[in-house]
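Per-entry structural report
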Amino acid sequence: MMDRDTDSTMIGETRARILEDIGPGVTLVAASKRQPDDRIDAALAAGQRVFGENRVQEAETRWGHRRDKIDGVELRLIGPLQTNKAELAVTLFDVIETLDRPKLLKALIAAVEKTGASPPDLLIQVNTGDEPQKAGIDVDGLGPLIDLTRKSWPGRLVGLMCIPPVEQPAAPHFALLKRLADAHGLVQLSMGMSADYALAAQLGATHVRVGSGLFGQRPAAAPA
Ligand SMILES: *Cc1c(COP(=O)(O)O)cnc(C)c1O
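Read on for an overview of the structure. (Residues numbered from 1 in each chain as written. Predicted model: local features only at pLDDT ≥ 70, side-chain atom pairs only at ≥ 80, totals over all residues. Heavy atoms only, no water.)

**A word on helix α3 (residues 56–63)**
Here α3 has its buried residues at Val56, Ala59, Arg62 and Trp63. Buried residues in α3, looked at end-on, bunch into an arc of 130 degrees, giving them a common side. (Buried < 20%, exposed > 50% of the residue type's maximum accessible area, 1.4 Å probe, protein only. Helix = DSSP H or I, 4+ residues; strand = E, 2+ residues; numbered from the N terminus. Arc of directions from axis to C-beta.)

**Observations regarding helix α7 (residues 171–183)**
With 13 residues, α7 should cover 18 Å at 1.5 Å per step; its first-to-last C-alpha distance of 18 Å lies within 8% of that length. Those residues of α7 that fall on the buried side of the exposure criterion are His173, Phe174, Leu176, Leu177, Leu180 and Ala181. Projected down its long axis, α7 shows its buried positions confined to an angular sector of 160 degrees, all on one face. Of the exposed residues in α7, the ones pointing more than 90 degrees away from its buried face are Pro172, Arg179 and Ala183. Where α7 is buried, its residues contact α6 (139–152), β6 (157–161), β7 (188–190) and α8 (197–202). (Expected span 1.5 Å × (residues − 1). Contact = heavy atoms within 4.5 Å.)

**A closer look at the side chain of Gln48**
Structurally, Gln48 can be placed in the loop between α2 (37–45) and β2 (50–53). Among the polar contacts listed, one links the side chain of Gln48 to the backbone oxygen of Leu28, at a separation of 2.8 Å. (Polar contact = N/O pair within 3.5 Å; in protein donor to acceptor, adjacent residues only side chain to side chain.)

**Side note on the nonpolar core**
Within soluble globular proteins, side chains that are nonpolar generally end up buried alongside one another. Core analysis: the biggest nonpolar cluster contains 62 residues, and Phe51, Phe93, Leu108, Ile124, Leu160 and Val208 have the highest contact counts within it. Every residue in contact with Leu160, bar those within four places of it in the chain, is listed here: Leu123, Ile124, Val126, Leu142, Leu177, Leu180, Ala181, Leu186, Gln188, Leu189 and Ser190. (Core = buried A, V, L, I, M, F, W, Y, C linked by side-chain atoms within 4.5 Å.)

**Observations regarding unusual backbone geometry**
The phi angle at Arg34 is positive, at roughly 60 degrees, despite the residue not being glycine. Turning to its location among the elements, Arg34 is positioned in the loop between β1 (27–31) and α2. Residue class for Arg34 comes out partly exposed when judged on its relative accessible area of 33%. Its identity as a non-glycine residue notwithstanding, Asp130 has a phi of 55 degrees, on the positive side. Among the secondary structure elements, Asp130 is positioned in the loop between β5 (121–125) and α6.

**Description of the site of the ligand**
Around the ligand there are 13 residues in total, and Lys33, Asn54, Ser194, Gly211 and Arg218 lie nearest to it. Lys33 is positioned with one of its side-chain polar atoms (N or O) 2.7 Å from an oxygen atom of the ligand. In the environment of the ligand, an oxygen atom lies 2.8 Å from a nitrogen or oxygen atom belonging to the backbone of Gly211. Contact with the protein chains hides 89% of the accessible area of the ligand, taken as 390 Å² for the molecule alone. (Near = heavy atom within 4 Å. Areas by Shrake-Rupley, 256 points an atom, 1.4 Å probe, with all protein chains shown as cover.)

Here is the structure:
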């Protein structure tokens, strides 16, 4: 494990390089899942303010108390959301990137009504590779879900998000997501991770989600 000083310096330098790669029009979302707190603090010290979290519970533990002490933090949920976590999710996140089914939309609407939270911006996750196991709505179901969201969500629907299949080249998936967003008048495109964020930025990403490429390797997952 790196010591704290090395850690901060490295994260600051790495972040600067990534920002240079993606250019000024693209937002770096620091994907912080399972990263130790000292690396999060190092990223904050380097000026990073936009963070992507995969799990509602982990996000609450990490940001519940830290957040009020720092100006301008934006939290984005980038992992799958279960309906029973909807209330906590709408109170915690500024943006939810992983809307992918009508049932979840309904739960989010109910959660906003019940908690009085201001509704987070939403992105719809699209399963561009049509993978049976993967989260995200199929391309065929996207239009209807966009219509439903625009009709019933009290906040804004701002964009689309995707995670291309690992074993395929990412470019066609990024290009497809861009076409879909343009066709539906959606502005935000969340695509690209450590291995392909520069490519994603070239192909129209407005947000790239970078984890290990910013913070370093994640510790192994805890057993479920
Ligand atoms: C973990 C994760 C990332 C970041 O992955 P890296 O390869 O570590 O950059 C981006 N998006 C989502 C949805 C993730 O779960």
